[in-house]
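Inside the fold
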Amino acid sequence: MVTNIIQIGNSKGIILPSEILKQLRLSLKSAVSVSLDGNNIVIKAQPRQGWAEAAKRAHENRDDELLIPDVFEDEKFEDWTW
């Protein structure tokens, strides 16, 4: 697939085809990383940005406690076949 570099304000950019964005589950303002690999520009999806910080905040606010008891609390693992 060939695309052109275009002017975007004071910067330059490229238009990514919607089919590629759908396959990668990206939308407007999705985070991506851009790097060089030799003479190639590599764009990688960066899903789940901010999850580590959100999990830490949830723990600090005690929002990560189980809503139901541990289902294996009375389970006897001796009967299981591994």
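What you see is a predicted model, and the numbers here were worked out from it, not measured in a lab. (Residues numbered from 1 in each chain as written. Predicted model: local features only at pLDDT ≥ 70, side-chain atom pairs only at ≥ 80, totals over all residues. Heavy atoms only, no water.)

Let's shift gears to the overall build of the protein. A tally of helices and strands in the protein yields two helices and four strands. Along the protein, helices and strands appear, N-terminal first, in the series β-β-α-β-β-α. The C-alpha atoms of the protein give 22 Å as radius of gyration, which overshoots the globular expectation for 82 residues (12 Å, by more than 25%). Taken over the C-alpha atoms alone, the protein extends approximately 65 × 35 × 25 Å along its principal axes. Of all 82 residues assigned to the protein, the portion counted as buried reaches 2%. Total accessible area computed for the protein in this model is approximately 8400 Å², and 54% of it derives from carbon and sulfur atoms. (Helix = DSSP H or I, 4+ residues; strand = E, 2+ residues; numbered from the N terminus. Rg over C-alpha atoms; globule rule 2.2 N^0.38 Å. Buried < 20%, exposed > 50% of the residue type's maximum accessible area, 1.4 Å probe, protein only. Areas by Shrake-Rupley, 256 points an atom, 1.4 Å probe, with all protein chains shown as cover.)

Our next topic: the confidence of the model for the protein. In the predicted model, the protein carries a mean pLDDT of 87, and 95% of its residues have values of at least 70. Mean pLDDT values over the elements of the protein span from 90, in helix 2 (residues 51-60), up to 95, in strand 1 (residues 5-8). (pLDDT = per-residue confidence, 0-100.)

Residue position: Val2 is located in the segment before strand 1. Along the chain, Val2 and Ala55 lie 53 residues apart, while their C-alpha atoms are 40 Å from each other.

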